[in-house]
Structures are given as C-alpha cells and as structure tokens.
Amino acid sequence: MVSLTFLTQISSAQEWILAINEGVTYQDGSPVTERYKPLVDLLEKELKRTVKVQAVDRYNNFEAGLDAERYDLVFIHPAHLGLRAAKSGKYVGLASAKDYTDYRARIFVKKDSAIKTLADLRDKKIGVPSLESITTVMFTANLNELGFRDPASRFSATRYQDAVPFMVENGFVEAGVTGSGAIAKEWTAKGGRVIAETKPVPIKQFLASRKLSPEQRDKVQNLLLKLSENDAGKNALKGINMKGFVAWDNTVMTDATKRLGL
C-alpha cells in the first residue's frame, strides 16, 4: 500500500512554482492567483505539470529566491533582477512583454529650471522612484557613465512614480525621474520640460529555470509567443493586463546587462 506521505512527496516534486513580481506602479490590487489562473491553466495543459503561483513583492526576497533557484518559472517587472538571473546561468530568458520592450527613464524639470542636460544634475537633489526600481537603476547607470560620484546620495526616493512630479513642483527636489510615458506627457503638457531619456530596456520578462529541459523551455516560450493568436490565450493576457509577448533577444539583453553594470 502506497503511503499518503509518499504520494504527497511525488505531488510536491511535480509541482512547479511560477514566481511573479509586477513592480509597484503596474499592480491593480486584485489577487495575483486569480488573475494568472487562465495563464496557469494553459501552462499546466501544455506541460502536464501542476503550476503554483507565488507572488513575491519584495525585490530583495525575489533576488534571493532566484539566486537559490527556488522558482521554476518567473514573470518579473524589475528587469535588472531578471537580467542578473539570466547572466548567472541559473535562468534562461524566454520572452518579454510586447508593450514594454522600449521602457525608458525620463528626466524632467520645471519650465524655468536652469538645468538643461544630465551633466547639469551634478550635486542637484533628484526625485526618483524607490532606489531598487528598474527606473532608478537605469537612471543611475546613466549618471555613472557621466562619471557622477555616488549619485544615489543625492536621490530622494518615493514608492510611487506619480509622486515624483509633486516633489519637483513643490521644490523638494530640482529634477525628477519617471519611467511612465503618461507622467512625462502630462508634465510637458503643463509646461514642464523633459531634458533627457535613458536608452531603453525591455522589462516584464518571462524566464525559466535551467532545471527545465530545453524541450520544456521551448514549450513555455512557444505558448507565450502565441497567446495573442487564440481566444484562450487572449483571455489569459487580459487577466494579466498584457497584449502579448515577444521572444527574448540575447543581443539586446546582453547589451542592457552591460549598460546597467549588472
């Protein structure tokens, strides 16, 4: 007679963890397990495995989990964590969200500010999203390229990107940084100026553990790339507020990894 403990061990061994971090700005407040269920259903059908969703909100916890290879599949907003995991060889990049391949940090100032270029930001107080956000990481990399010494020492960080314009408007900082095109557009519509943009980095990446076989990784990638081509896939995309995925581009990602100093 097979023991219940043995059956539980088998079930646990066959269960895969899909770890998810959607950043801060892009969360809609509804349960992650509920929104990702249509996608999980498709993954389970394709892979013939039980897939369990695990939301990991804290970036440092996510990075520790990636380093320890606790996750089988990963969908991650903070691109620097995904790029670092791929560089380590512990994870393989499969795809990026279609509408987020051109993500940039935009630097803005008041209309009458004397600041004209990034170089003028030296020794200036700058409002940024959280220090660990991909937006701030991209911006910091730009300042490092310009030879700024310890640029983060001049940062004033806030959890939500839409709070940065308030900081600039009210004189708490002399410049602000955002990754939101909508925020930048609203700022310029009110007369403010965007003085620079960083080079783009694809965010919202889907990765797979190296523990998955090449065949299994190919199945996941093919499923992701074809989601927008069928009703079940479109329903899965709607649940996670995505329009589709494009294949991971090793050349682009390697360049981004070097540029961000990862």
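Our subject in this report is the structure included herewith.

## Considerations on the overall build of the protein chain
Okay, step 1: When helices and strands are tallied, the protein chain shows 11 helices and 11 strands.
Okay, step 2: Its C-alpha atoms give the protein chain a radius of gyration of 20 Å, within 12% of the compact-globule value 18 Å for 262 residues.
Okay, step 3: Taking the principal axes of the C-alpha coordinates as reference, the protein chain spans close to 80 × 35 × 35 Å.
Okay, step 4: Among the 262 residues that make up the protein chain, the fraction classed as buried is 48%.
Okay, step 5: Carbon and sulfur atoms provide 49% of the accessible area of the protein chain, an area that totals close to 13,400 Å².
Okay, step 6: For the protein chain, the centre of its 38 positive side-chain charges and the centre of its 31 negative side-chain charges are spaced 2 Å apart.

## Observations concerning the packing of aromatic side chains
Okay, step 1: A full pass over the atoms with the stated rule returns eight aromatic pairs.
Okay, step 2: Ring geometry for Phe 108 versus Trp 187: centroids 4.8 Å apart, planes at 55 degrees, classification tilted. One end of the pair, Phe 108, is in strand E5 (residues 106-109); the other, Trp 187, is in helix H8 (residues 181-189), and 79 residues separate them in sequence. When sorted by exposure, Phe 108 lands in the same class as Trp 187, which is buried.
Okay, step 3: Ring pairs connect the aromatic residues Tyr 36, Phe 75, Phe 206 and Phe 245, which therefore count as one cluster.
Okay, step 4: A cation over a ring is seen here: Arg 122 above Phe 148, with NZ or CZ 4.2 Å from the ring centre.
Okay, step 5: Seen from the ring of Tyr 100, Lys 204 lies directly overhead, with NZ or CZ sitting 5.3 Å from the centre.

## Details of the pairing of strand E8 (residues 175-178)
Okay, step 1: Covered by surrounding structure in E8 are Ala 175 and Val 177 together with Gly 176 and Thr 178, the residues of both alternating faces.
Okay, step 2: Across three bridges, E5 lies against E8 in antiparallel orientation. Counted as the bridge partner of Arg 106 is Thr 178 from E8.
Okay, step 3: Sheet topology places strand E6 (residues 126-128) next to E8; two bridges connect them, and they run parallel.

## As for the sheet that holds E5
Okay, step 1: One open sheet holds the five strands; their spatial order is E7-E6-E8-E5-E9, and the pairing between them is mixed. On the outer flanks of this sheet lie strand E7 (155-157) and strand E9 (193-197), each paired with one strand and no other. Averaged over neighbouring strand pairs, the angle between their axes works out to 30 degrees when direction is ignored.
Okay, step 2: The pairing of E6 with E7 spans three bridges and is parallel. In the strand pairing of E7, Val 128 is matched with Ala 157.

## Some words on the packing of helix H3 (residues 37-47) against helix H9 (residues 214-225)
Okay, step 1: Orientation of H3 relative to H9, taken along the N-to-C sense of each, is 140 degrees, at an axis distance of 10 Å. In this view, H3 runs oblique relative to H9, as classed from their interaxial angle. As H3 runs across H9, the sense of the crossing is right-handed. The residues of H9 that touch H3, namely those facing Leu 39, Leu 42, Leu 43, Glu 46 and Leu 47, are Gln 216, Lys 219, Val 220, Leu 223 and Leu 224.
Okay, step 2: In terms of residue class, the contact of H3 with H9 is made up of seven nonpolar, one polar and two charged.

## Things to note about H8
Okay, step 1: Listed in full, the buried residues belonging to H8 are Ile 183, Ala 184 and Trp 187. Around the axis of H8, the buried residues are gathered within 100 degrees of arc, so they sit on the same side. Those residues of H8 that are exposed and aimed more than 90 degrees away from the buried face are Ala 182, Lys 185 and Ala 189.
Okay, step 2: Looking at the buried residues of H8, the elements they touch are E5, helix H7 (164-169), E8 and E9.
Okay, step 3: One side-chain oxygen of the residue at the start of H8 lies 3.3 Å from the amide nitrogen of Ala 182, identifying that residue as Ser 180.

What counts, and where the lines are drawn
Residues numbered from 1 in each chain as written. Predicted model: local features only at pLDDT ≥ 70, side-chain atom pairs only at ≥ 80, totals over all residues. Heavy atoms only, no water. Helix = DSSP H or I, 4+ residues; strand = E, 2+ residues; numbered from the N terminus. Rg over C-alpha atoms; globule rule 2.2 N^0.38 Å. Buried < 20%, exposed > 50% of the residue type's maximum accessible area, 1.4 Å probe, protein only. Areas by Shrake-Rupley, 256 points an atom, 1.4 Å probe, with all protein chains shown as cover. Lys, Arg positive; Asp, Glu negative; His and termini not counted. Charge placed at Lys NZ, Arg CZ, Asp CG, Glu CD. Phe/Tyr/Trp six-rings, centres within 6.5 Å; stacked < 30°, edge-to-face > 60°. Lys NZ or Arg CZ within 6 Å of the ring centre and 35° of its normal. Pairing = 2+ DSSP bridges. Axes fitted to C-alpha atoms, helices over the stretch in contact; angles between N-to-C directions. Parallel < 35°, antiparallel > 145°, perpendicular 65-115°, else oblique. Left-handed = near helix turned anticlockwise from the far one by under 90°. Contact = heavy atoms within 4.5 Å. Nonpolar A, V, L, I, M, F, W, Y, C, P; charged D, E, K, R; others polar. Arc of directions from axis to C-beta. Polar contact = N/O pair within 3.5 Å; in protein donor to acceptor, adjacent residues only side chain to side chain.

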